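Residues per chain are reported as follows:
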Amino acid sequence: MALTNAQYDAVMRSFEKRRLDNRHKQEERIREVYRAIPRMEKFDREIGAVALEQAKRLLGGEEDALERLRFKLRELKEEKEALLAMGGFPRDYMEPVYTCPLCRDRGYVDGKKCRCLRQAQIELLYGQSNLQNILKTENFAHLSFEYYDKNLIINEEKKISQYEYMKAVVEECRNYAAGFGKGGGNILFTGPAGTGKTFLTNCIACELLGRAEAVLYLTSADLFQMISDKRFEHGEEDREEKYQGILECGLLIIDDLGTELTNSFTNAELFYCINTRQQRGKSTIISTNLTMNELRDLYSERIFSRIISSYRVIPLFGGDIRIKKKLAEKLR
C-alpha cells in the first residue's frame, strides 16, 4: 500500500507526534518517581556516570570494558527495579513509553514497514479512523452474556442452550485472536440480524489492533464499490492503493455479505478476493445474514466450495440482541 508523498508525510507526522507525546509521558513518570523516591534521582545519575566511564574505557581500547559495562549496568538496573517496587511502582515505570513496542513508534522494523504503519495507512486510505471509537465499547472486555437465553435449546441432541453455545463461540474467537499470525485462518459468521456477528468481529479486531496487526473493516457494499471504482474508473491515484490494501492487509473483515447488489461481476470479484488472500496467507472474516443454502444459491459454486473448505463456519442463533437491550433499557 503505497501512499502519495503528502499522505506519507501526514502519516509520519502523526508518528512523530506519537513519539513526542510518549516522551512527555515518560518524563512525567520520571518526575513522579523522583517526588516519591528522592534518592532515585541520585541513583539515575550514578547509572549515567558508570555508563559514561565504561564507554570511555571501551574507546580507550580496554578489551573487557564492554563486558564489565554490561555486568555493572545489569546490577544497577536490578537495584533500580527493586527500589521502584518498594516504592509501589512497576519495575519498568521509568522506561521509554511506546505505543508500538515493535518499531518503537518509528514505523519501520529492520527497514520494513511495521504493522502499525500499515494500519495507519489503512485508516488514512479507507477513512476508518472511527473504528477505534467503536472498539472502545465493542470488545471482549465489554462482552456480556446476559442477553443469551439459558432456556433456548439450540442442540436438542446435546441439550446445549444458546447461553452455553455462545460461551463456546466467544472462547473460540478469543483463541482465534490469540493465535493470529500463527496461521489464524478464516471465519464465516452466519445468523439472523442482531445475533452478535458484527460485535464478535469487532472483538477480534480490537485484540489484533492492540497488537499492531493491520485490520481492514469493510461492509460488502463498500468492498464492491471500491473494487468497481478500481476496475471502471480512472484518474484517482489512491484507487489502486485501496484495491491492493484489500488483498494485502493482515485481516480483512467483510461485514453483511449478501446486502450488496449481486451479479456476475461481484461473484467473480468476491472469488478473486478470497482466493488471492488465501493464496497469500492472509486471513478473512465474513459475516452474513444468509443461511448456508442461501449463500450457495446466491453465489457461484466455486465461491461456496472455497468458503466451506477454507473457513471456520460459526452459526449464531436467537433473536435480535439489540432489540432486547433497548427493551431492557426502557424497563430500567
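For the structure, see preceding data.
Residues numbered from 1 in each chain as written. Predicted model: local features only at pLDDT ≥ 70, side-chain atom pairs only at ≥ 80, totals over all residues. Heavy atoms only, no water.

*Asks:* Could you give me a rundown of the overall build of the protein chain, with the residues and numbers involved?
*Replies:* The number of helices and strands found in the protein chain is 13 helices and nine strands. Here the protein chain has a C-alpha radius of gyration of 26 Å; the compact-globule value for 332 residues is 20 Å, and the former is much larger. Across its three principal directions, the C-alpha atoms of the protein chain cover 75 × 55 × 40 Å. For the protein chain, buried positions account for 40% of its 332 residues. In the protein chain, the proportion of contacts linking residues at least 24 apart, taken out of those at least 6 apart, comes to 75%. For the protein chain, the exposed area adds up to about 18,600 Å²; of that, 50% sits on carbon and sulfur atoms. Positive and negative charge centroids in the protein chain, built from 53 and 51 side chains respectively, lie 2 Å apart. (Helix = DSSP H or I, 4+ residues; strand = E, 2+ residues; numbered from the N terminus. Rg over C-alpha atoms; globule rule 2.2 N^0.38 Å. Buried < 20%, exposed > 50% of the residue type's maximum accessible area, 1.4 Å probe, protein only. Contact = heavy atoms within 4.5 Å. Areas by Shrake-Rupley, 256 points an atom, 1.4 Å probe, with all protein chains shown as cover. Lys, Arg positive; Asp, Glu negative; His and termini not counted. Charge placed at Lys NZ, Arg CZ, Asp CG, Glu CD.)

*Asks:* Now, about the pairing of strand β8 (residues 283-288): what can you tell me, with residues and values included?
*Replies:* When you tally the buried positions in β8, you get six out of six residues, the bulk of the element. Alternating residues of β8 divide into S283, I285 and S287 and T284, I286 and T288, and every residue in both groups is buried. For strand β5 (residues 186-190) and β8, the ladder comprises four bridges, and the chain directions are parallel. Paired with L188 across the two strands is I286, which belongs to β8. With five bridges joining them, strand β7 (residues 251-257) and β8 adopt parallel strand pairing. Counterpart to L257 in the pairing with β8 is T288. (Pairing = 2+ DSSP bridges.)

*Asks:* I'd like a description of the sheet that holds β5, backed by residues and values.
*Replies:* Taken in spatial order, the five strands line up as β6-β7-β8-β5-β9 in an open sheet, and their pairing is parallel. Looking at strand neighbours, the two that pair on one side only are β6 (215-219) and β9 (311-315), the edges of this open sheet. Each adjacent strand pair in this sheet contributes to an overall mean axis angle of 15 degrees, direction not counted. Relative to β9, helix α6 (residues 162-178) is tilted by about 150 degrees, and along the sheet it contacts β5, β7, β8 and β9. (Axes fitted to C-alpha atoms, helices over the stretch in contact; angles between N-to-C directions.)

*Asks:* Which residues make up the pattern of salt bridges, and what are the values?
*Replies:* Per the counting criterion, the structure on display carries eight salt bridges. Across the salt bridge formed by K17 and D21, the nearest N and O atoms sit 2.8 Å from each other. Placement of both K17 and D21 in helix α1 (residues 5-36) is noted, with a separation of four residues, approximately one turn of the helix. For K17, a relative accessible area of 52% translates into the label exposed. Taking relative accessible area as the criterion, D21 reaches 36% and is therefore assigned partly exposed. A salt bridge links R23 to E27; its shortest N-O distance comes to 3.1 Å. Residue R23 and its partner E27 are located together in helix α1, separated by four residues, close to a single helical turn. The class for R23 is partly exposed, based on a relative accessible area of 41%. With relative accessibility at 27%, the residue E27 sits in the partly exposed group. Residues joined by salt bridges that share partners form a network here, namely E28, R31 and R35. (Salt bridge = Lys/Arg side-chain N within 4 Å of Asp/Glu carboxyl O.)

*Asks:* How would you summarise the side chain of T276 if you had to cite specific residues and measurements?
*Replies:* Mapped onto the elements of the fold, T276 is located in helix α10 (residues 264-279). Ignoring any residue separated from it by four or fewer positions in sequence, one finds T276 in contact with L247 and F271.

*Asks:* Give a description of the packing of α10 against helix α12 (residues 301-310) that names residues and reports values.
*Replies:* Packing of α10 against α12 leaves a shortest axis separation of 10 Å and a crossing angle of 30 degrees. Compared by their axis directions, α10 and α12 come out roughly parallel. α10 and α12 meet at a crossing whose hand is left-handed. Residue-level inspection shows N267, L270, F271, I274, N275 and Q278 of α10 in contact with α12, the latter providing R302, I303, R306, I307 and S310. Taken together, the residues of the contact of α10 with α12 sort by class into five nonpolar, four polar and two charged. (Parallel < 35°, antiparallel > 145°, perpendicular 65-115°, else oblique. Left-handed = near helix turned anticlockwise from the far one by under 90°. Nonpolar A, V, L, I, M, F, W, Y, C, P; charged D, E, K, R; others polar.)

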